[in-house]
Amino acid sequence: MTLAEKLALVVLVTCACAVVSTASPLDPDRYFLVEAEPRAQPEDYRLNDDVWPTHYDIEIKPYLEQEGNKAQFTFDGSAKITVSTQKQNVMQIKLHMARMDITAWSVTRKSDNTIIPTLPQTYDQETQILTLPLSSALQANVEYVLSFTYVGNMDDDMHGFYRSYYWEDGVKVWMGSTQFQQTHARRAFPCFDEPRFKATFQLKINHKTQYNVYSNTAIVGTAVAEVGRSLTTFGVTPSMSSYLIAFIVAPYQINDRDGMGILARPQAQNQTQYSLDVGIKLLKALDEWLDYPYASMPAMTRMYMAAVPDFSAGAMENWGLLTYREANILYRSDDSTSMQQQRIATVISHEIAHQWFGDLVTCEWWDVAWLNEGFARYYEYYATALVETNWDFEDQFVVAQLQSVMQMDSLRSTHPMTHPVYTQAESSAIFDSITYNKGAVVLRMMEHYLTTETFKTALRAYIKDRAFKTTRPEDLFSALNRYDPNARSYMEPWTVQPGYPLVTVTSHDTGFTVTQKRFLVNEPDHNEQTAWPLPITFATKASEFSITRPAFYTGMTFEIPMQGASDVEYFILNNQQVGYYRVNYDAILWGKISKALHSEGFGGIHVLNRAQIVDDLFNLARGDVVPYGTALEILEYLKEETEYAPWLAAVNGLTTLSRRIHADDEKLFAAHILDIFSKAYDIVKFQAPTATERRIFTYMRQNVLQWACNYGHEECSKAAVAEFHRYHQNPSVKVHPDLGQVVYCEGIRKGSMEEFEFLWNQYLTTNMATEQLLILQGLGCASSSELITIMLDAITSPHVRSQDKSNAFTYVINNLYTLPHVSRYLQQNHAIWAASHGSYANVASAFNNVLARLKSDSERDVISAFIESNKNILGQAAYDSIKTGLEDYETNKQFTLRNRDEIHEFLDNKINGGAATILANVSMIVGLLMLLLAR
């Protein structure tokens, strides 16, 4: 049986099993998407504040295999919740539960165990709120105990208390783990499942003796529960939110030292040392930076970090038991790239930072989740920089965080950092790049304004003030205002207003006029009058870029006076891109900037401002603010660029542009790519990293090689294919991980079934999650219709874990030649795709990702016809989603047609017009911009 036949059989059997055990994948009700409008009143999704919990006693008894009449993947549970009220006439208690059957419940007065008479409970399936009616009112300031016994389910969707597995010597080993954020603790035990309801918890787990168990706190007792089972009791937690409780039932082993331990499956223990070492250093660094030692938090006598095979999030900050995808914590230098090592360090830093920002001090509700995630993302870079001191995190932050969030935040559909949410879907959706990236960017902006020392002092006071409590933005603003009375007025508008400004600078003899207007990439002519307090710095020569403490300016327009303004070499706003805004200049200033960029040493322009200029030009051209011809002419300077940050900004801009290049201009565009990357390729060379090179130089090499090979650089392709063949012949000597992506991709793209089967076998047999991700990237470069189909079959099979399916699909469709094949596959296998990925929502998402990259009207028409003839199967929500994707295709097409002539003229002049035409011609740039300003 061939590989294709095997995978197709696995897919069919798996999906047939799913159909038998659940529902037909053609049943649209099963795949009904979350409605855009809540199915209850928004306030009904929130608990009232009548009753507050203070303590939980919870016992869980999981069944990872059938035991008597106990079904596999269920658990017995009991919960006793101590509650009280400060109100009069409280006649009912509301709390959350989901995916469980409550077999008994009662309410008693704690002091004397008096039973409180109750009425039959009611349950709202939509809001997941359980209402316990009482026959008589609760007394104010008296403690009561809510007691529940129930049966829960260990699902495989990576939420609640769920099941996962790993393979050991060919045997499937089942285990249980948890993921409760944002609204899934209620699937493990009835609870007040909102962050504001903090309480202490004591957990007991009744488990089979071959399993080890772990939770937030240390084990305080173990007893024999019954034959073959133990009852393990954990210490009482600090007062904390329900979403931070965690527990694991698994035959794991631990690598521990100095109060920290890494938990992993036995065969992965050889991958835990780096995480342990860097985790200890990061915890110490944050202890000192925040002046609030982790060990001083009650019951936090140690910190465990666990690698979980199936994990929906990247990682989770459960207090004292941090959980991670394996790829985000397990590392070996032989099998992981330098960037994967950095990701492991930064994700660990992110989760450790949450022990203060999120666990000790918790956002009051998800509408201000940035108070958790913005700080964690900030420390993800700046705490790791204290430990891994040579990785240039400041350079990376600007492009990876600030510039990336500007993409989403330039759309009308964006939202403010502080934004109302009510439903479960809304609570989940708020965890996006606005909450994470923009939150961190605004904090960095305030740090530069206040100075690092003042910022640190203010945050230390904030942590001490809000310890074991919840927090709102006004609590943070109050802490900052103690050290600068303007802090709130400067910071708050950035948190409550969506988007960011485009700042336009025009020059005159005595200075510069600065105006601001919200930047909406698809609406350049809007009349919105939103204004922000602008943090202003500027440089007219190299020595001034180090000045990053801004002065804030308010108003839509203001002046920056300067004697001899017309004589400066250049005028560049926003030193090191500390401020969160784009900058456009008049024709004269763009001309000066272009001249400097094309001069030796780039005119002394700071590397981060070069990255800023690159990113701004791509996006100002995309937003019809600067002509594409002008932007591309200035960006020709990249042929001499040698630094990672500007090149990463360029790669991001070129990725977007490549999807909008007219199909008839793709050969010209490919020649342009090879030209601007030519010198960079010669600098980085097709070679493994040297021991002395800068870390970000290694990252730059990965980008340059990927683009060079993808666009047909002969030397790059030849070297990559040769290395793949060498590895094929001698698999015991692996490809260097930092070359793996390009080698695997090019080997598969230029290879046959034999090469594909070889690499697929490496995927199946490797013990490293990081290596599996590298291999999936390579397999996604399959170029024949047969291999693309096999790859898509592999994605739908159980061989690719649910958490990796989305990434694997993206690796395929990022190679634009696959799009027609992928479209046909989805049309022919939509039911299998829905069953494998969980719903027809994922079918809609797959089609929309194809449409976002597609440049073929005929293929668009095929997709349109397909959804019309399958509307009932898709369901209304999936159908509507794909209809929106088709509308977006038309918008993208019009963008391509609108800008085609200008882009084509630039490319044609450059490629076919000779070297003289492509030299940076400042006068032409000035002329083009003069025309623009006259529009």
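Residues numbered from 1 in each chain as written. Predicted model: local features only at pLDDT ≥ 70, side-chain atom pairs only at ≥ 80, totals over all residues. Heavy atoms only, no water.

Caption draft 1: Quick look at the packing of aromatic side chains. Enumeration over the complete set of coordinates arrives at 59 aromatic pairs. Where Y628 meets F895, the ring centres are 6.2 Å apart and the plane angle is 80 degrees; that geometry is what we call edge-to-face. Here F895 lies in helix α29 (residues 876-912) and Y628 lies in helix α14 (residues 628-634), a separation of 267 residues in the sequence. For Y628, a relative accessible area of 4% gives the class buried. F895 gets classed as buried once you look at its relative accessible area, which sits at 12%. Over the face of the ring belonging to F73 we find R163, whose NZ or CZ atom lies 4.3 Å from the ring centre. The ring centre of Y165 lies 4.3 Å from the NZ or CZ of K172, which sits over that ring. (Phe/Tyr/Trp six-rings, centres within 6.5 Å; stacked < 30°, edge-to-face > 60°. Helix = DSSP H or I, 4+ residues; strand = E, 2+ residues; numbered from the N terminus. Buried < 20%, exposed > 50% of the residue type's maximum accessible area, 1.4 Å probe, protein only. Lys NZ or Arg CZ within 6 Å of the ring centre and 35° of its normal.)

Caption draft 2: Looking closely at helix α21 (residues 769-779). Counting buried positions along α21 yields 11 of 11 residues, so the element is predominantly enclosed. Listing the buried residues of α21 in full gives A769, T770, E771, Q772, L773, L774, I775, L776, Q777, G778 and L779. The inward-facing, buried residues of α21 contact α3 (338-353), α18 (714-729), α19 (737-749), α20 (753-765), α22 (785-796) and α23 (802-813). (Contact = heavy atoms within 4.5 Å.)

Caption draft 3: Representation of the pairing of strand β11 (residues 200-208) within the structure. Examined bridge by bridge, strand β1 (residues 52-63) and β11 share six bridges and lie parallel to one another. Counted as the bridge partner of I58 is L203 from β11. Inspection of the sheet shows β11 paired to strand β14 (residues 229-234) by five bridges, in the antiparallel sense. Bridge assignment links K204 to a residue of β14, and that residue is T233. (Pairing = 2+ DSSP bridges.)

Caption draft 4: Layout of the packing of α19 against α21. The N-to-C vectors of α19 and α21 enclose an angle of 30 degrees; their axes lie 7 Å apart at closest approach. In terms of orientation, α19 and α21 fall into the roughly parallel class. Judged by the sense of rotation from one axis to the other, the crossing of α19 with α21 is right-handed. For the pair α19 and α21, contact is made by P737, Q741, Y744, C745 and I748 and by E771, L774, I775, Q777, G778 and L779, respectively. (Axes fitted to C-alpha atoms, helices over the stretch in contact; angles between N-to-C directions. Parallel < 35°, antiparallel > 145°, perpendicular 65-115°, else oblique. Left-handed = near helix turned anticlockwise from the far one by under 90°.)

Caption draft 5: Inspection of the nonpolar core at higher detail. The biggest cluster of nonpolar side chains holds 296 residues, and the ones touching the most others in it are F189, F192, W356 and Y379. The contacts of W356, once residues within four sequence positions are left out, are L283, L286, D287, L290, Y292, Y294, M297, V361 and I463. (Core = buried A, V, L, I, M, F, W, Y, C linked by side-chain atoms within 4.5 Å.)

Caption draft 6: Broad picture of unusual backbone geometry. Cis geometry is adopted by the peptide bond preceding Q182, which originates at Q181 and carries an omega value of 5 degrees. Here Q182 is to be found in the loop between β10 (171-179) and β11. Phi at M158 takes a positive value of approximately 65 degrees, unusual for a residue other than glycine. Looking at the element boundaries, M158 is found in the loop between β8 (144-153) and β9 (160-168). Even without a glycine there, the phi angle at D392 is positive, about 55 degrees. Assignment of secondary structure puts D392 in the loop between α5 (384-387) and α6 (393-409).

Caption draft 7: Expanded view of the state of the cysteines. If you walk through the whole model with that rule in mind, you get two disulfides. The disulfide partner of C709 is C716, and the S-S distance across this bridge is 2.1 Å. Handedness of the C709-C716 disulfide follows from its S-S torsion of about -105 degrees: it is left-handed. Each member of the pair, C709 as well as C716, is classed as buried. Covalently, C745 is tied to C781 through a disulfide, its sulfur atoms 2.0 Å apart. Since a negative S-S torsion denotes a left-handed disulfide, the C745-C781 link at about -95 degrees is left-handed. Of this pair, C745 sits in helix α19 while C781 is found in the loop between α21 and α22, placing the two residues 36 residues apart along the sequence. With respect to burial, C745 and C781 carry one shared label: buried. As a non-bridged cysteine, C191 has C363 as the owner of its nearest cysteine sulfur, 16 Å distant. You can call C191 buried: its relative accessible area is 0%. (Disulfide = S-S within 2.5 Å.)

Caption draft 8: Representation of the sheet that holds strand β3 (residues 90-96). What the three strands build is an open sheet, ordered β3-β7-β6; its pairing is antiparallel. Each having just a single partner strand, β3 and β6 (122-124) make up the two edges of the open sheet. When the angles between neighbouring strand axes are averaged without regard to direction, this sheet yields 25 degrees. As paired elements, β3 and strand β7 (residues 129-138) share six bridges and run antiparallel to each other. What sits directly across from V90, in β7, is L138.

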